[in-house]
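Below are the chains, spelled out letter by letter.
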Amino acid sequence: MKNKIIDSIIVLSVGFVVIIAAVTGKIIAEKDDLKLIGSILKPGEELQAVNNNKHILFDERGEAYGFIYSGEGRGYNGKLRVAAVSDTTEVIKSVQVLTNKETPSFINRLFRRNFLARFEGIRFSELAAGDKSVDAVAGATITSSAIKEALILGFTAGEGLQQNNNFNISAGWPELMVLLLFLISALISVKKFSAARKYLLWASWTLSVIFLGFVLGQPLTLPRFITLFTGYLPDPGGELYILLIPVLAVGFILISGKNNYCRSVCPFGATQEILGAIGNASHMRLKRFRLVKYIQWGITLLAVVLALVMNNPSVAEYSVFGAFFQLTGTALIFILLLLSIIMSLFFRRPWCNYLCPVDGVMAYFRTMRRAVISIFKR
Amino acid sequence: MFSNSNILGPLFWIIMGVLYMVFITGLVVWLKDLNIKMNWWKWSLVLLWFILLSIIIAGGFTLIGENEMRAGLLFIAVPGAVMIVAGVALSRFLFRNRHEKQNN
Amino acid sequence: MNKIDRRKFIKSAGLAGGALSLAGAAGAGYSAGADKDSYTGYGRTNYGEDQFFNRKPFIVDNPTYVKKGEPVRITAVEDIFKRNGMLSRLMFSRGDIEPAWKPADGIDALPGQLRDYYKANPGALEEFIKAMEKGRAQRANWEKYRDKYFIADAWSTAHSSPIRGRGAFPAEPRDRPEKSDFRGVNKVKLEPKSPSHASELIKKICYSFGASLAGIAKVKKEWVYQGSLRGVGREDYEVPSHWKYAIVIAVPHEWDSMYANPTYGTSYDAYSKLRFIAGKMEVFVKELGYSSRPHVPPTSYDLVMPPLAIDAGLGEQGRNGILITPELGANTRLAAVTTDMPLEPDKPIDIGVSRFCEKCKICAEECPGGAIDFSDKAETVVRGYKRWKIDQNKCFTIWNSVATSHARGCRVCLSVCPYSRKNNWVHSFAREVDPRDPTGLVASGLLAMQKKFFNYPGGQEYLPPPDGNNRTFGEAPEWMKTDEWFKI
Ligand code: SF4
Ligand code: SF4
């Protein structure tokens, strides 16, 4: 009885804190567009708005010499605003990202590799018609196409052209793979298949490490939850599976109370299991380390609140997944990763048990389920 | 090596040779005391592991010597992690055989 | 000593020995990396040992560049230095006289050749004007950066001294080639035992003069300039019949400063070395009784160097438009001496550079000007040959933008190229294994490591603030850091 009350209190108070944080983040006003565009002008240059997406650019002698088109694209963590200067014949002269919420290491990869410069010299109409394009940068495909999308939308809206909203949701092997992994995870829980449990687990782990981990590089992370919570959906045309994962993971936990995702779908969980098998790792006695568990969840909550207040989900990224599967991350993250790998050989799932942010989120949903059920039972 | 001296270079490699000898001798005794039966291919595996580890460390430090700190550390860390995992697997394999031998 | 103790001792000594040997491996590795002797070239040996890569297994009959359409000789206006020179003379006339051309006059007011070029290359003229603007800002900003790059600038200027003015060596030809190339030729002329003897000797002499690499090519008509001939001036001409063979020589830039491009490095160190080698070679060949004519940097050429060097088997063409050699990578600078001495040409090689460049694109990502082509395959047809397009004009803008005292180059694309690496065991492994691997897996693996492990700041970072942060690719050598030596 007492436990049930505590459950409800935890669920409500954490939910309250998170919502307050989200509201605070929204209230802190977004920067005014015109000011942002103004920041890319050279001294002496003037702007005149045609509409929200198009401005005429005047040089210091007051002669119109080009346009600035600005638009929004759907990035990985949120919308990003992009402005492009063109000459009077609509040939792109320079491109700038005005605001974004992407993980810095990802978007910096684009900037560093001259991604924006690759648009220079292309005519807007060719870009919009798809006659000319720019290859996405490996490892930052969603952000790459978001910038392209923003340029095209800015131009079509600025010129009042028909926007061809090709909203074709396409499912390919990544989506099938995610479904397969969750299917296996469901089978594992079925009593009838308990004999095959071991094989199912190993099949799932292997598939997950290879495909979700190394090929797609998209394990579930905190920013993903936060973007979904704030109601932002990345471009569903391209990467449906990154939506599928959190939905299924949370769905399973709310329905069955079992954390199917962490057990067999998460590629880094699988990595730890495989390493544990190699090193014949022992179980950790969790009871003794209860405090560490609370610290783990506390850090997750803190990260969520910070990200929401700052209105930038990428702030909450502190997992080692990127470092392991794509070799990106800070020195600290790499050290954490190395420690996790070595520990995994001797203890089962050290990352999951003491560091992973997803664990906290899952625990929260499990508590929520418990609390709701207990209320109805009464 | 030792660009200012033509004495230290050969000396260094002589000492390295001695170290390898001492290491192998110690390893033999160690494995005996642990009751691990070795044969030619187990020795090959163990030595291969050690040589690979040496190469990885030497390679990483070469990059560090070239002023490529980040590359050098990653060069050690990434294959190094793989080597640690392989090392644990290898030692488990050797120990497993020991138990079997004792049980028989 | 009792037995247990001895066993214990051997065991712990073994453990310590193992650990120490790993530390020794680390030390040996470190010194292999730090060793300045593992820099290729730069006059370390007079016996050709800088050309250490065994080219034999990679010799092919036809050079690896791809012909498409009719070859066309390059005209003066297509050469960025000559073109910019012509335009500058119109725009910045000496004295008080009105400039002959102002940007406001428009392209149509330009004289023939220039007008045709800028019409055919939209945006090029604007780019030049932008470069001039950037150049003004560069000179105005120099005071801010002067102290930091004080030694680097002095070093560069010192290297440029044999290049400029009347004292330049070798002297510019002042006659038709039929005259100047034969001026001073020895009346005594010995027959070489065979062309291959002659080639071998000439290459040995090249090395003794300080060349890192040397090769012989037959002069192909399409590599010769058209419409402007040194010693004669603007005129169309047939390739002189005595330009039979070209002795092609290559040297690297000083490596440490080259890695610290764009601001610490210079072009002039390699240029002046090449001028000395080629100039001496001109005299040497004439002393043997044959005609000769040196073609030296920065602009004293009548032939285009990289394809000539490819013919001579020195290397292959890279995405960055630079000759890439197995020994020096993209840190290869070229000069040539044309002669009628009977020589045996070398054969071209195929070490898979273009296959590697198709995947790599590092130079395109790192170029501060975005001047290097990103397309997968070399597809742009330039004068009858396929290549990756280099936007010379954008490149020139960067020379005028980076924090140097004046526009004296950028060369970031030389530094960042994975082929431009030291000659030590780690890189030699890559150098030897990659071209022997027909599957391309080694290349992909090496490239993944290159991109993931190494620190590439990214093109924009090399520019001065506000665009970038004056980054250099590698760290400057301590002898170039002003604050180590001077009170500032
Ligand atoms: S020299 Fe600099 S600007 Fe020119 S192509 Fe190379 S990297 Fe680009
Ligand atoms: S940096 Fe890469 S793409 Fe560029 S020339 Fe070198 S190998 Fe080729």
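Not measured: the values here are computed from a predicted model.

**Focus: the pattern of salt bridges**
Residue and element names in this part refer to chain C. As enumerated under the stated definition, the model contains 36 salt bridges over all chains in all. Measuring nitrogen to oxygen at the nearest pair gives 3.4 Å for the salt bridge that ties aspartate 153 to arginine 408. Linking aspartate 153 in helix 5 (residues 150-160) with arginine 408 in the loop between helix 13 (392-399) and helix 14 (412-416), this pair joins segments that are 255 residues apart in sequence. Taking the relative accessible area as the measure of exposure, arginine 408 reaches 3% and is therefore buried. Between glutamate 358 and lysine 377 there is a salt bridge; the shortest N-O distance is 3.3 Å. In this pair, glutamate 358 sits in helix 11 (residues 353-360) while lysine 377 sits in the loop between helix 12 (362-366) and strand 8 (380-382), placing the two residues 19 residues apart along the sequence. Salt bridges linked by common partners bring Glu172, Asp181, Arg230, Arg293 and Asp302 together as one network.

**Regarding the site of ligand 1**
Residues and elements named next belong to chain C. Taken together, the residues surrounding ligand 1 are Cys367, Pro368, Ile372, Cys395, Ile398, Cys410, Arg411, Val412 and Cys413. Listed by contribution, the elements that provide at least two residues to the shell around ligand 1 are helix 13 and helix 14. Of the residues belonging to the shell around ligand 1, the class tally is eight nonpolar, no polar and one charged.

**Thoughts on the sheet that holds strand 3 (residues 245-251) of chain C**
In sheet architecture, strand pairing relies on hydrogen bonds along the backbone and comes in two forms, parallel and antiparallel. Residue and element names in this part refer to chain C. Reading across from one edge, 2-3-7-4 is the order of the four strands in this open sheet, with antiparallel pairing throughout. In this open sheet, the two strands that pair with only one neighbour each are strand 2 (213-218) and strand 4 (292-295). Pairs of neighbouring strands in the sheet enclose a mean axial angle of 20°, with direction left out of account. Pairing between strand 2 and strand 3: six bridges, direction antiparallel. The residue bridging alanine 214 from the neighbouring strand is isoleucine 249, located in strand 3. Helix-sheet contacts for helix 7 (residues 195-209) involve strand 2 and strand 3, and the interaxial angle to strand 2 is about 140°.

**Details of the site of ligand 2**
All names here are of chain C. Every residue near ligand 2 is listed here: Arg319, Asn320, Ile324, Phe356, Cys357, Cys360, Lys361, Cys363, Cys417, Pro418 and Tyr419. Examining the composition of the shell around ligand 2, we find that three residues originate from one element, helix 11, more than from any other. Of the residues contributing to the shell around ligand 2, the split by class is eight nonpolar, one polar and two charged.

**Regarding the domain arrangement of chain A**
Residue and element names in this part refer to chain A. As assigned here, chain A comprises domain 1 (2-25 + 170-377) and domain 2 (52-158). For domain 1 versus domain 2, the distance between C-alpha centres works out to 35 Å. Each partner contributes to the interface: domain 1 provides 17 residues, whereas domain 2 provides 14 residues. Of the roughly 1,300 Å² buried between domain 1 and domain 2 on both sides combined, carbon and sulfur atoms contribute 51%. The tally of links from domain 1 across to domain 2 stands at three residue pairs in polar contact (both at pLDDT 80 or more). The biggest single contributor to the side of domain 1 that touches domain 2 is helix 8 (residues 222-229), with three residues. In terms of residue class, the side of domain 1 that touches domain 2 is made up of seven nonpolar, seven polar and three charged.

**Topic: the packing of helix 1 (residues 8-33) of chain B against helix 2 (residues 40-65) of chain B**
Angle between the axes and distance between the axes are the two parameters that describe a pair of packed helices. Residues and elements named next belong to chain B. The contact between helix 1 and helix 2 brings their axes to 13 Å, and the two run at 135°. Taken together, the axes of helix 1 and helix 2 lie oblique to each other. The two elements helix 1 and helix 2 cross, and the hand of that crossing is right-handed. Every residue of helix 2 that contacts helix 1 at Tyr20, Phe23, Ile24, Leu27, Val28 and Leu31 is listed here: Trp43, Val46, Leu47 and Phe50. Split by residue class, the contact of helix 1 with helix 2 holds 10 nonpolar, no polar and no charged.

**Structural notes on helix 8 of chain A**
All names here are of chain A. Most of helix 8 is tucked away: six of the eight residues are buried. Restricting attention to buried positions, one finds in helix 8 the residues Leu222, Pro223, Arg224, Phe225, Ile226 and Thr227. As for helix 8, its buried residues are in contact with helix 9 (241-256), helix 12 (290-309) and helix 16 (357-377). Glycine 231 sits one or two residues past helix 8 and shows a positive phi near 85°.

**Considering unusual backbone geometry**
With an omega of 0°, the peptide bond running from Pro297(C) to Pro298(C) counts as cis. For Pro298(C), the location among the structural elements is in the loop between strand 4 and helix 10 (305-311). At the junction of Pro465(C) and Pro466(C), the peptide bond is cis and its omega measures out at 5° in the coordinates. Position of Pro466(C) among the secondary structure elements: in the loop between helix 16 (441-453) and helix 17 (482-485). Although it is not a glycine, Arg349(A) sits at a positive phi angle of roughly 45°.

Reading guide: rules and limits
Residues numbered from 1 in each chain as written. Chains lettered and ligands numbered in written order. Predicted model: local features only at pLDDT ≥ 70, side-chain atom pairs only at ≥ 80, totals over all residues. Heavy atoms only, no water. Salt bridge = Lys/Arg side-chain N within 4 Å of Asp/Glu carboxyl O. Helix = DSSP H or I, 4+ residues; strand = E, 2+ residues; numbered from the N terminus. Buried < 20%, exposed > 50% of the residue type's maximum accessible area, 1.4 Å probe, protein only. Near = heavy atom within 4 Å. Nonpolar A, V, L, I, M, F, W, Y, C, P; charged D, E, K, R; others polar. Pairing = 2+ DSSP bridges. Axes fitted to C-alpha atoms, helices over the stretch in contact; angles between N-to-C directions. Contact = heavy atoms within 4.5 Å. Domains from an automatic or database assignment. Buried area = accessible area lost by both parts, 1.4 Å probe. Polar contact = N/O pair within 3.5 Å; in protein donor to acceptor, adjacent residues only side chain to side chain. Parallel < 35°, antiparallel > 145°, perpendicular 65-115°, else oblique. Left-handed = near helix turned anticlockwise from the far one by under 90°.

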